[in-house]
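What follows is each chain in one-letter form.
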Amino acid sequence: MFQEIRLALRTLVNSRNLGFTLASVLMLGLGIAATTAIASILYAVLLAPLSIRDSNSVYSLAESKPTAGLELFSVSALNYLSWTERARSFSGLTAVTEASVNLGVDGRTERLDGASVSPNFWEVLGLPLLAGRSFTTAEDRLTGDAVILGEKLWRQRFNADLGVLGQRVLIDGSPKSVVGIAPQNASVVRRADIWLPAALRDQPWGRGDRRITVLGRLGVGVSRAAADAEMRTLAGALAVEFPDDNRDWSVSLIPVRDWIVGAPLQTRVWTLFAAVLLLLLVACINVANLQIARASTRVREIGVRQALGGTRARLMRQIVIECLALAGLGGVLGISLAAVAIRIGAGQLEQSLPGLGQLTLDWPAALVAIALSALTALACGLVPAHLAARSQVASALQSSTRATTEVTRTPFRQGLVVLQFALATVLVVASALLVQQFQAVQASTLGFAPERVLTARITLPDDDNGTHWQANMQSYERLLGELRSLPGVERVGLGSEVPLGQFNTTSMQIAAGANNVTEARNDGRVAAWRVVTADFLEALSVPVLRGRSFAASGEPGRSMLLSAGLAAALWPVGEDPVGRSVTLSNGQTYQVVGVVGDVRQRDRAGALTPTMYMSPNWSMLSTMTLALRTRGDPAALIDTVREAAARVLPDRPLFALDSMENIAAQNVAEPRAQTAVISMFGAVSLLLAAIGIAGVTAFLVARRTSELAVRMALGATSGAVVRHVIGRGGMLCLGGIAIGALLVAIFSRVAGSVLHAPEVNIAPTVLSVACVLCAVGLFACWIPAHRAARISPSLALRGD
């Protein structure tokens, strides 16, 4: 056996077989690498067990208002408190929201991402702390004295010293006591390095302010349907009790994994997995074609071995070893490439989806891919051995033509090429459609100008109870003055959040009064809200369409700016909203002083967001965002801006400094990556299909050398021979493209009905892809056709 393994390797690296070996190993390696990498991502994202105990009974509870187009929205903190008092289907409900704080240790201040949670968070999710205790019901983020460190922070900053428990650290300038250490896999929110008790009772914006996430564990024996029915009933009761904030709002239950991953990402992962399986199939088909082509050269070899005493079993075993060695080499290359790809992508995936299992090499997927490749190589390699072993030794030695014909029957190889082109059509059309979709998203109107804008965030003491408002305003004014004096800065503004980031919503309605002509449509609207200065909108180039913006020196009264879409929804066309008043869910009334352009606040693929803007003179968040429009590259001013802020507020460092262009690009990072990967798969599939059609055509030309020579001897021109050869290959291309187009039509119709998506006119894309594939296929046929046209009739006939 050892000798046969050595012989197999020597045969594969022989100069005559080296091209075949390299091509087969490369194609198998690429197919196995892509399949293993994508399958590993699929397992980590959708299949790996969560760190949450009995995660199948844990759900995320989301509010929704279909009449306003709001699906699976954040939850009102006051509604959550009502749920905890009345809901009976859950053994526990817990609230969580993302947070970021300044941590001060040993005279050094560091910005950290964290989470604010209710005290029962660890109990509901079944995640025991590594050490210490959880929060108590008496502890509150504003007045409490407790903080829990994340495992990563505890190990890096405190050297995994349990003595840190009970010590005091500065959180946003206030001393807090470390009471526990949280496991790193508890991060159901992104990158939680520090945990704080949530402040839920004090809600200055009222019940209509929806900004928290609620997770719940079903009680023993309670089904999802029963819990869902109870929560919908409870939502209806709250809508009757609080109609201004809860009218038309309902509640939905989402499995915790679906909440962590999200439907768009699940669709992208499954799409990538389907595409990579097609690519592996195309690679295996090409290897099969190469094996069958090589078979024509082995019939005489096998006959010689039989004449020298080789038994059929020995010959078959040798072929099996060669095929397994080929698949093994492809597997080694594929797993090596997959390991590199996974190492590169692991950090980003675990950072963006921390609640999931770690991304590692999925060995079952790798073994399945290698096994499929080995079976392909084995099946196609044993065909010539079996047929040659059945033939008589004398006939095999005299002429291998008949045996070769049996081994390499043209219809079978032609069918493989047709299948290759069909699969290539599906992949290339899919990639083309994704590219078009991505280009449409990229070309969508943002409503603001991201060029030459630098953003930065800063956190000052919480002002939910109004004690720090005056001091915070003075700090911001000093900071803005310092930044305006920097060279290269054109304008600086302050806002609660930049576009394409997070946003909060509240309900609003037209205020009763003489200044509002339209009161019959006073049915209330849900809108995003921002706290901004006039310079903030100007720095982002959001235009004022009607009325005025906020006063530069501070707005004297409760004034509001509305986006054009929100103003149109509240007042009919032709009615001027400037000077009218609106009432928010907290009962406060604001006068509309201007209408500004619509902006995409959440994502580039979504709709323009109805938004209201308020002056910081009347409301302020603890964390605010700076927007600086610069004269040149904003990245060049990052260090300068950071140093200037440190001069004014040394204990409140800026964080999340980034250009608005980069934020806009990151907003479409996932669809961009999916488009790039599937486009790469489509290109590789097209290349493999071209190689397949060229190989089949070259093989047919080699077999028909004598026939073509006779044709030319009887007067056929070189052009006629070229057209004849290309015509045969072109029919294979057209057949594969037609089957592929049919598959695309079927898949698109089925996907549209399953996903309830509108039908898309894919005919122009399919036609364009068909033209490209035809051109590639015909060019691949032209190469052997050109060689056939150069055949010398006398040499060919003499050789035959």
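Residues numbered from 1 in each chain as written. Predicted model: local features only at pLDDT ≥ 70, side-chain atom pairs only at ≥ 80, totals over all residues. Heavy atoms only, no water.

Colleague: Whenever I open this one, the overall build of the chain confuses me. Can you help?
Modeller: Secondary structure summary: the chain contains 25 helices and 23 strands in total. Within the chain, the proportion of its 800 residues that are buried is 52%. Once local pairs closer than 6 in sequence are excluded, the contacts in the chain between residues at least 24 apart make up 82%. (Helix = DSSP H or I, 4+ residues; strand = E, 2+ residues; numbered from the N terminus. Buried < 20%, exposed > 50% of the residue type's maximum accessible area, 1.4 Å probe, protein only. Contact = heavy atoms within 4.5 Å.)

Colleague: How should the environment of Arg312 be read in this particular structure?
Modeller: Mapped onto the elements of the fold, Arg312 is located in helix H11 (residues 312-352). Taking the relative accessible area as the measure of exposure, Arg312 reaches 48% and is therefore partly exposed. Remark: the alpha-carbon pair of Arg312 and Ile302, spanning ten residues in sequence, is separated by 9.5 Å.

Colleague: Hey, could you run me through helix H6 (residues 224-241) in this one?
Modeller: Relative to the 26 Å expected for 18 residues at 1.5 Å per residue, H6 spans 26 Å between its end C-alpha atoms, a close match to the ideal helical length. When we look at burial in H6, the residues that qualify are Ala227, Asp228, Met231, Leu234, Ala235, Leu238 and Ala239. On an axial view of H6, the arc spanned by its buried residues comes to 145°, and they lie on one face. Relative to its buried face, H6 has exposed residues pointing more than 90 degrees away, namely Ala225, Thr233 and Val240. Contacts from the buried residues of H6 go to strand S1 (58-65), helix H3 (77-86), strand S4 (90-105), strand S11 (210-218), helix H7 (243-246) and strand S12 (250-255). (Expected span 1.5 Å × (residues − 1). Arc of directions from axis to C-beta.)

Colleague: Is there a simple way to explain the pairing of S11 in this structure?
Modeller: Along a regular strand, successive side chains alternate from one face of the sheet to the other. Of all nine residues in S11, seven are buried, a share of seventy percent or more. As judged from the four bridges shared by S1 and S11, these two strands associate in the antiparallel manner. The partner of Tyr59 across the bridge, within S11, is Gly216. Note that S4 and S11 share six bridges and pair antiparallel. Looking at the pairing, Phe90 lines up with Leu218 of S11. (Pairing = 2+ DSSP bridges.)

Colleague: Please clarify how the environment of Ile678 should be interpreted in this entry.
Modeller: Relative to the elements of secondary structure, Ile678 occurs in helix H21 (residues 669-703). We classify Ile678 as buried; its relative accessible area is 1%. For the pair formed by Ile678 and Ala432, sequence separation is 246 residues and the distance between their alpha carbons is 9.2 Å. Those residues in contact with Ile678 that lie beyond four places of it in its chain are Thr271, Leu272, Ala275, Leu427, Ala430, Ser431 and Leu434.

Colleague: When you look at the pattern of salt bridges in this model, what are you seeing that I'm missing?
Modeller: Pairs may arise between side chains of opposite charge once their charged atoms sit close together. According to the stated counting rule, one finds 13 salt bridges in the structure shown. The salt bridge partner of Arg457 is Glu497, with a shortest N-O separation of 3.6 Å. One end of the pair, Arg457, is in strand S13 (residues 453-459); the other, Glu497, is in the loop between strand S14 (489-495) and strand S15 (504-510), with 40 residues separating them in the sequence. Of the charged contacts in the structure, one is a salt bridge between Glu575 and Arg580, with a shortest N-O distance of 2.7 Å. Residues joined in a network through salt bridges with shared partners are Arg484, Arg491, Asp535 and Glu538. (Salt bridge = Lys/Arg side-chain N within 4 Å of Asp/Glu carboxyl O.)

Colleague: So what exactly am I meant to see when it comes to the nonpolar core here?
Modeller: The nonpolar side chains of a soluble globular protein tend to be buried with one another. Of all hydrophobic cores here, the largest spans 44 residues; its most connected members are Leu483, Met508, Met560, Leu562 and Met612. Looking at this core element by element, the count peaks at five residues for helix H16 (residues 469-484). Membership of the second largest hydrophobic core comes to 29 residues, among which are Leu28, Ala34, Ile285 and Ala288. (Core = buried A, V, L, I, M, F, W, Y, C linked by side-chain atoms within 4.5 Å.)

Colleague: How should I be thinking about the packing of H3 against H6 in this particular structure?
Modeller: Two numbers describe how H3 lies on H6: the axes approach to 11 Å, and their chain directions differ by 125°. The angle between H3 and H6 falls in the class oblique. Pair H3 / H6 crosses with right-handed handedness. Seen from H3, the contacting residues are Asn79, Ser82, Trp83 and Arg86; seen from H6, they are Glu230, Met231, Leu234, Leu238 and Glu241. (Axes fitted to C-alpha atoms, helices over the stretch in contact; angles between N-to-C directions. Parallel < 35°, antiparallel > 145°, perpendicular 65-115°, else oblique. Left-handed = near helix turned anticlockwise from the far one by under 90°.)

Colleague: For this particular structure, what's the right way to read the confidence of the model for the chain?
Modeller: Detail in the predicted coordinates should be disregarded across regions flagged by low pLDDT. Averaged over all residues, the pLDDT of the chain is 79; the fraction at 70 or higher stands at 82%. Summarising per-element confidence for the chain, the mean pLDDT is lowest in helix H14 (residues 401-407) (45) and highest in H6 (93). Segment residues 518-522: pLDDT under 50, and twelve contacts once partners within four positions in sequence are set aside and those in other chains are kept. Low pLDDT, under 50, characterises residues 752-759; the stretch is placed with three contacts to residues that sit more than four places away or in other chains. (pLDDT = per-residue confidence, 0-100.)

Colleague: What's the story with the side chain of Asp535 in this structure? I'm lost.
Modeller: Note on placement: Asp535 falls in helix H17 (residues 534-539). A residue is classified by how much of its surface remains accessible, and Asp535, at 16% relative accessible area, is buried. When residues no more than four places from it in sequence are discounted, the contact partners of Asp535 are Arg484, Arg491, Val492 and Gly493.

Colleague: Sorry, what's going on with the pairing of strand S19 (residues 581-584) here?
Modeller: The alternating pattern of S19 places Ser581 and Thr583 and Val582 and Leu584 on opposite faces, both of which are buried. Linking two consecutive strands that pair antiparallel, namely S19 and strand S20 (residues 589-596), is a turn of four residues; a positive phi of about 90° is found at Gly587 within it.

Colleague: Any chance you could explain unusual backbone geometry here in plain terms?
Modeller: Trans peptide bonds make up the majority, and among non-glycine residues the majority have a negative phi. Phi at Asn159 is positive, roughly 55°, even though this residue is not glycine. Counting through the fold element by element, Asn159 comes out in the loop between helix H5 (151-158) and strand S8 (168-171). For Asn159, a relative accessible area of 66% puts it in the exposed group. Phi at Asp248 is positive, roughly 70°, even though this residue is not glycine. By the element assignment, Asp248 lies in the loop between H7 and S12.

Colleague: How should I be thinking about the sheet that holds strand S23 (residues 655-659) in this particular structure?
Modeller: Sheets are built from strands that pair by backbone hydrogen bonding, the pairs being arranged parallel or antiparallel. The strand order across the open sheet built from four strands is S14-S22-S13-S23, with neighbouring strands paired in antiparallel fashion. Every other strand in the sheet has two partners, leaving S14 and S23 as the edge strands with one partner each. Averaged over all pairs of adjacent strands, the angle between strand axes in this sheet comes to 15°, irrespective of strand direction. Of the strand pairs in this sheet, S14 and strand S22 (residues 623-630) are connected by six bridges, and their pairing is antiparallel. Bridge pairing in S22 places Val492 opposite Leu628. Packing of H16 onto the sheet brings it into contact with S13, S14 and S22, and relative to S14 it is tilted by some 160°.

Colleague: Whenever I open this one, the packing of aromatic side chains confuses me. Can you help?
Modeller: Describing an aromatic ring pair means giving the distance of the ring centres and the angle of the ring planes. For the structure on display, the rule yields six aromatic pairs. Ring geometry for Trp270 and Phe273: centres 6.2 Å apart, planes at 75°, overall edge-to-face. Residue Trp270 and its partner Phe273 are located together in helix H9 (residues 263-295), separated by three residues, close to a single helical turn. The exposure class assigned to Trp270 is partly exposed, which follows from its relative accessible area of 44%. The interplanar angle of 15° and the centroid separation of 6.3 Å between the aromatic rings of Phe779 and Trp782 together place this pair among those described as stacked. Taken together, the positions of Phe779 and Trp782, both in helix H24 (residues 763-789) and three residues apart, correspond to about one turn of that helix. (Phe/Tyr/Trp six-rings, centres within 6.5 Å; stacked < 30°, edge-to-face > 60°.)

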